[in-house]
Every structure is written in structure tokens, then in C-alpha cells.
Amino acid sequence: MSYSVLIPAFNAARTIAETIRSVTAQILQPGEVVVVDDGSSDATGEVAASCDGRVRVVRQENSGSGSAVTRAIKEAAFPFIAPVDADDLWLPEKMSIQLSYLDRNPGCHGVFCRLKTFREGTAGGQDEIVQTGWSRITMVMRTPAALQIGDMIDPPGGRGEIIDWIARARHLGFRLDM
């Protein structure tokens, strides 16, 4: 089950290498990692490109995370997509669990997972809270479904692009599971 990791990145040179290490350390390896450098003024693209041979950097003018994810979906070469932010980390079994779920549930178009929020330098701490993650950073989607749903629209304030996108997915009758 091949998949594309999608990373929208803006001025993320300091964190993106660790994110890429976490996605390329998956038990079930990605086919590619598409980094959309969303108009960074730092070395985000260069750092990302130096991390792994599967990383492909696409550059665009700064347009927001929803726009960057939309661009990455259109660039994806594999049947499943998995977005992650440039300062997030995946546990090694994340993709094998979610892709196995989609394999066992062919009527499901996308599956989300739980997440822990942490601050820089605190990953793995005892005080982290595990929560339900109806978020683009926890989803794995079938690429054709993601393309049919359409663009992720960045609302004013720069947060919440996934809310509209999930609503459109459900309106189209797509099944999304946790």
C-alpha cells in the first residue's frame, strides 16, 4: 500500500528535518514525501531536499497551509495521501495502522487518528493529553477521494481549513472514520 506524505511548510527550516525523519521511519515506508515550500524566506526547501531521496520539494508563493496541502494532493503520485505539518512527529506504526484499517474497510474513504499535542522539547512527556484528531495532520485519505473533494480553502485567520473540507467530503457521501 504505497502512499504520499504531504508536508505544507512555511519557514520551517528548524523543524522539518525531524518531521521528515519521523515519516521516513515508518514501519510501512512512504513512496514519496511531497514538501510544498509555501513562500519560505528561510532554507526550508533546501533542508527538506537534503533529508531523504524520496523528498520532492515544490515551491509556491505564500498562500497558506490549505493551499499548500491542495497543491501537494495534486502532486501526489500514490493512491493514498497523509498530510503532516512541518513541526509534527509520527509514531513509527501510524501509517501501518491507518492503511491496514483502510484495507479492511474498502468503503471508507479516509481515516483519522488520535493525537498528542506537545511543545518543542516536550515530546513524550507524561502530561500530554491524547485527544481525538479530526485534523488534516491525522488523516489518511484515498487520493481520488481527496481530489474529488477539491481545494482546502484557507479561511480568514489561517485556521480551520479542514472543517470546510470535511463538511464537503461528507456532503459528497464520503465515509470518514476515526
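Residues numbered from 1 in each chain as written. Predicted model: local features only at pLDDT ≥ 70, side-chain atom pairs only at ≥ 80, totals over all residues. Heavy atoms only, no water.

(A) Structural context of the pattern of salt bridges. Enumeration according to the criterion identifies ten salt bridges in this entry. Measuring nitrogen to oxygen at the nearest pair gives 2.8 Å for the salt bridge that ties Arg56 to Glu75. Of this pair, Arg56 sits in strand 3 (residues 55-60) while Glu75 sits in helix 3 (residues 65-75), and the two are 19 residues apart along the sequence. The exposure class of Arg56 is partly exposed, given its relative accessible area of 30%. Each of Glu32, Arg56, Arg71 and Glu75 takes part in salt bridges that share partners, so that together they form one network. (Salt bridge = Lys/Arg side-chain N within 4 Å of Asp/Glu carboxyl O. Helix = DSSP H or I, 4+ residues; strand = E, 2+ residues; numbered from the N terminus. Buried < 20%, exposed > 50% of the residue type's maximum accessible area, 1.4 Å probe, protein only.)

(B) Fine view of the packing of aromatic side chains. A complete count under the given rule lists one aromatic pair for this structure. Ring geometry for Phe112 versus Trp134: centroids 4.9 Å apart, planes at 40°, classification tilted. Of this pair, Phe112 sits in the loop between strand 5 (110-111) and strand 6 (113-116) while Trp134 is found in the loop between strand 7 (130-133) and strand 8 (140-142), placing the two residues 22 residues apart along the sequence. Residue Phe112 is classed as buried on the basis of its relative accessible area, which comes to 2%. Relative accessible area serves as the criterion here: at 36%, Trp134 is assigned to the partly exposed category. Positioned above the aromatic ring of Trp90, the side-chain terminus of Lys94 is 4.7 Å from the ring centre. A cation sits over an aromatic face here: Arg170 above Trp134, 5.0 Å from the ring centre. (Phe/Tyr/Trp six-rings, centres within 6.5 Å; stacked < 30°, edge-to-face > 60°. Lys NZ or Arg CZ within 6 Å of the ring centre and 35° of its normal.)

(C) View of the side chain of Gln60. Structurally, the position occupied by Gln60 is in strand 3. With a relative accessible area of 14%, Gln60 lands in the buried category. Polar side-chain contacts of Gln60 include one of 3.4 Å to the side chain of Ser67. With residues near it in sequence (within four places) discarded, Gln60 still touches Val36, Asp37, Asp38, Gly39, Ser67, Ala68 and Arg71. (Polar contact = N/O pair within 3.5 Å; in protein donor to acceptor, adjacent residues only side chain to side chain. Contact = heavy atoms within 4.5 Å.)

(D) Inspection of the sheet that holds strand 8 at higher detail. The strand order across the open sheet built from seven strands is 3-2-1-4-8-5-9, with neighbouring strands paired in mixed fashion. The sheet terminates laterally at strand 3 and strand 9 (176-177), the two strands that pair on one side only. Of the pairings in the sheet, the one linking strand 5 to strand 8 comprises two bridges and is antiparallel in character. Across the sheet, Val111 pairs through a bridge with Val140, a residue of strand 8. Relative to the sheet, helix 3 contacts strand 1 (3-9), strand 2 (32-38), strand 3 and strand 4 (80-83), its axis offset from that of strand 2 by approximately 145°. (Pairing = 2+ DSSP bridges. Axes fitted to C-alpha atoms, helices over the stretch in contact; angles between N-to-C directions.)

(E) Just the pairing of strand 4, in detail. By the alternation rule, side chains of strand 4 split into Phe80 and Ala82 and Ile81 and Pro83, which are all buried. As paired elements, strand 1 and strand 4 share four bridges and run parallel to each other. Opposite Tyr3, over in strand 4, you have Phe80 as the bridge partner. Here two bridges tie strand 4 to strand 8, and the two strands are oriented antiparallel to one another. Across the sheet, the residue bridging to Phe80 is Arg142, located in strand 8.

(F) Region of the structure containing unusual backbone geometry. Even without glycine at this site, Asn11 takes up a positive phi of about 45°. Among the secondary structure elements, Asn11 is positioned in the loop between strand 1 and helix 1 (16-24).

(G) Here's a closer look at the state of the cysteines. For the structure on display, the rule yields zero disulfides. Sulfur of Cys108: no disulfide; nearest cysteine sulfur belongs to Cys113 and is 13 Å away. The exposure class assigned to Cys108 is buried, which follows from its relative accessible area of 0%. (Disulfide = S-S within 2.5 Å.)

(H) Structural detail: the environment of Asp154. With respect to the element layout, Asp154 can be found in the loop between helix 5 (143-149) and helix 6 (161-171). The partly exposed category is assigned to Asp154, whose relative accessible area is 25%. Measuring from C-alpha to C-alpha, the distance between Asp154 and Gly64 comes to 6.4 Å, with 90 residues separating the pair along the chain. Only 2.7 Å separates the side chain of Asp154 from the backbone nitrogen of Gly66, close enough to count as a polar contact. A distance of 2.9 Å separates the side chain of Asp154 from the backbone nitrogen of Ser67, its partner in a polar contact.

Functional significance is not addressed by these values, which are geometric in nature.
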